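Observations on the three-dimensional arrangement
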Amino acid sequence: MNVVGHEKNIEHLEKAIASKQISHAYIFNGEDGIGKMTTAKAFAKAVLCETQSSCGTCQSCVQADSNNHPDIIYVTHEKKGISVDDIRTQVNNTVDIKPYSSEYKIYIINDAEKMNVQAQNALLKTIEEPPAYAILILVTNNKEAFLETILSRCVVLNFGPVKKEQVEEYIHEHYRLGNAREDLAISYSGGNIGKAIHVMDSDDFHELKNHTFNMLAHMNEWSVHDILLYLKQLEGYKEGVNEFFDIITTYYRDILVLKVSGLPNKTVFKDKFSLMKKQSVYLSFEGIDNIIKEVEKAKVRLEANVRFDVAIELLLFVMKENGVKW
């Protein structure tokens, strides 16, 4: 399978195909962008390949590569969640229909953690008594969201960061720019290929990054009124708020690195060395730790439907309370 890293998981899946010991249900678990969906697609392609080698040339492989294979079903759903109707309509009501052209019929459920309890219970019926040809792959960033009855009936494969050298090789091979953006993509990714690609391809990311650093650079001068004005500006970045959080967290971790080592080459945002060095003088270890923890709390608040402006305002004032000079 043509997947970067995740060697143990790939080996497990390839052995299952070779020995025809493929499980009827898998959970691919790991953070967004880590390679779970890429692996799910590669696995489905290999299982259905006419030579079982992901040859890339047979009709099955061509259909899989174009996301147009009749025996690979991608379960679709609304952004906010996966309902019981989604599972019943797209899985339960179709699973008894035999494969059109292959030995197996594969269902891939992305963002599977978004299934509510009713949806999980509906899926459980299929997992417990699947047709011999059915394979279900639940792709998730949080396996803990599943019922224990789901977890116990699936093969769980956890996807962690890949080696920095593998990210570096991938980025250099696919972009060949050799510039600061490549260096940032590799460092910022933390072993997440999807995140590295996003840094390379998304101008929106760099716009948000610059916007965030503008806030960090001028926070010493800000009044309460300035904070409220900034919150209004940030409203336009609601969809990218998790990136906003990640940039802040990475920035303060860089300051920790500087406080401990004093070496800018070990930081992610190397071009912000002067700013980080200046702020490291009056930020304590405890204060930085409190800020990073507050970022996580802000994420939880937003997931719990706390108002966007309230969640961000709380974060900014905790930053103030922990030593940032406004």
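Analysis parameters
- Residues numbered from 1 in each chain as written.
- Predicted model: local features only at pLDDT ≥ 70, side-chain atom pairs only at ≥ 80, totals over all residues.
- Heavy atoms only, no water.
- Helix = DSSP H or I, 4+ residues; strand = E, 2+ residues; numbered from the N terminus.
- Contact = heavy atoms within 4.5 Å.
- Core = buried A, V, L, I, M, F, W, Y, C linked by side-chain atoms within 4.5 Å.
- Buried < 20%, exposed > 50% of the residue type's maximum accessible area, 1.4 Å probe, protein only.
- 1 Å grid on protein atoms, 1.4 Å probe; cavity = no way out; pocket = protein on both sides within 12 Å on 5 of 7 lines; lining within 4 Å.
- Points joined across faces, edges and corners; volume = space filled by probe spheres on them.
- Expected span 1.5 Å × (residues − 1).
- Polar contact = N/O pair within 3.5 Å; in protein donor to acceptor, adjacent residues only side chain to side chain.
- Axes fitted to C-alpha atoms, helices over the stretch in contact; angles between N-to-C directions.
- Parallel < 35°, antiparallel > 145°, perpendicular 65-115°, else oblique.
- Left-handed = near helix turned anticlockwise from the far one by under 90°.
- Nonpolar A, V, L, I, M, F, W, Y, C, P; charged D, E, K, R; others polar.
- Pairing = 2+ DSSP bridges.
- Right-handed = clockwise from strand over helix to strand, strands pointing away.
- Disulfide = S-S within 2.5 Å.
- Arc of directions from axis to C-beta.

Looking now at the side chain of N92. Assignment of secondary structure puts N92 in helix 4 (residues 84–92). Setting aside chain neighbours within four positions, we find N92 in contact with I87, A122, L123 and T126.

Our next topic: the nonpolar core. M215, F244, Y251, Y252 and I312 are the most contacted members of the largest nonpolar core, which has 49 residues in total. By residue number, the principal contributor to this core is helix 12 (residues 241–261), which donates nine residues. Ignoring sequence-local partners within four residues, the contact set of F244 consists of L208, T212, M215, Y230, L234, I312 and L315. Core analysis: the next-biggest nonpolar cluster, separate from the first, contains 26 residues, A112, A119, L136 and C154 among them.

The subject of this paragraph is the layout of surface pockets. Of the pockets and cavities examined, the largest pocket occupies roughly 2,200 Å³. Lining of the largest pocket is provided by 43 residues; of these, D32, N141, N242, K299 and E303 occupy positions nearest its centre. Where the lining of the largest pocket is concerned, the elements lending two or more residues are helix 8 (180–189), helix 9 (193–201), helix 12 and helix 14 (285–303). Ranked by the residues each element gives to the lining of the largest pocket, the list is headed by helix 12, at nine residues.

Right, let's get into helix 10 (residues 203–218). Taking 1.5 Å of rise per residue, the 16 residues of helix 10 would be expected to cover 22 Å, and the 23 Å separating its terminal C-alpha atoms lies within 8% of that figure. Residues of helix 10 that are buried: F205, H206, L208, K209, H211, T212, F213, M215 and L216. Of the surrounding secondary structure, the elements contacted by the buried residues of helix 10 are helix 8, helix 9, helix 11 (224–234), helix 12, helix 13 (273–280) and helix 15 (308–321). A side-chain oxygen of the first residue of helix 10 lies 3.3 Å from the backbone nitrogen of D204; this N-cap is S202.

Looking now at the packing of helix 12 against helix 13. Running from N to C, helix 12 and helix 13 cross one another at 70°; their axes reach a closest spacing of 9 Å. With respect to their mutual orientation, helix 12 and helix 13 come out roughly perpendicular. Crossing of helix 12 against helix 13: the hand is right-handed. Along its contact with helix 12, which presents Y251, D254, I255, L258 and K259, the element helix 13 presents F273, L275, M276, K277, Q279 and S280. Its residues assigned to classes, the contact of helix 12 with helix 13 comprises six nonpolar, two polar and three charged.

Now for unusual backbone geometry. Positive phi is not limited to glycine here, since K20 has a value of about 55°. By secondary structure assignment, the location of K20 is in the loop between helix 1 (7–19) and strand 1 (25–29). Given a relative accessible area of 48%, K20 falls into the partly exposed group. Its identity as a non-glycine residue notwithstanding, N305 has a phi of 70°, on the positive side.

This brings us to the sheet that holds strand 5 (residues 155–158). Read across the sheet, five strands follow the order 2-3-4-1-5 without closing on themselves; strand pairing throughout is parallel. Every interior strand has two partners, whereas the edge strands, strand 2 (72–74) and strand 5, have only one. For this sheet the average axis-to-axis angle between neighbouring strands, irrespective of direction, equals 20°. Across five bridges, strand 3 (residues 105–109) lies against strand 4 (residues 134–140) in parallel orientation.

Okay, the pairing of strand 3 next. By the criterion of burial, strand 3 is predominantly enclosed, with five of the five residues buried. On strand 3, burial covers both faces: K105, Y107 and I109 on one face and I106 and I108 on the other are all buried. Between the parallel elements strand 2 and strand 3, the chain passes through helix 4 in a crossover that is right-handed.

Under the definition given, this model contains zero disulfides. No disulfide involves C55; its sulfur sits 3.6 Å from the nearest other cysteine sulfur, which is in C58. Residue class for C55 comes out partly exposed when judged on its relative accessible area of 30%. Residue C58 is classed as buried on the basis of its relative accessible area, which comes to 9%.

Here we come to helix 14. Relative to the 27 Å expected for 19 residues at 1.5 Å per residue, helix 14 spans 28 Å between its end C-alpha atoms, a close match to the ideal helical length. Taken as a whole, helix 14 has its buried residues at G287, I288, I291, I292, E294, V295, A298 and K299. Down the axis of helix 14, the buried side of the element spans an arc of 155°, and every buried residue falls inside it. Exposed residues lying more than 90 degrees from the buried face of helix 14 are E286, V300 and E303. Check the buried side of helix 14 and you find it contacts helix 12 and helix 15. Backbone geometry just after helix 14 places N305 at a positive phi near 70°.

Let us look at the pairing of strand 1. Counting buried positions along strand 1 gives five out of five residues, so the element sits mostly inside the fold. Pairing between strand 1 and strand 4: five bridges, direction parallel. In the sheet register, N29 faces strand 4, and the bridge partner there is T140. As paired elements, strand 1 and strand 5 share four bridges and run parallel to each other. Along strand 5, the bridge assignment pairs F28 with L157.

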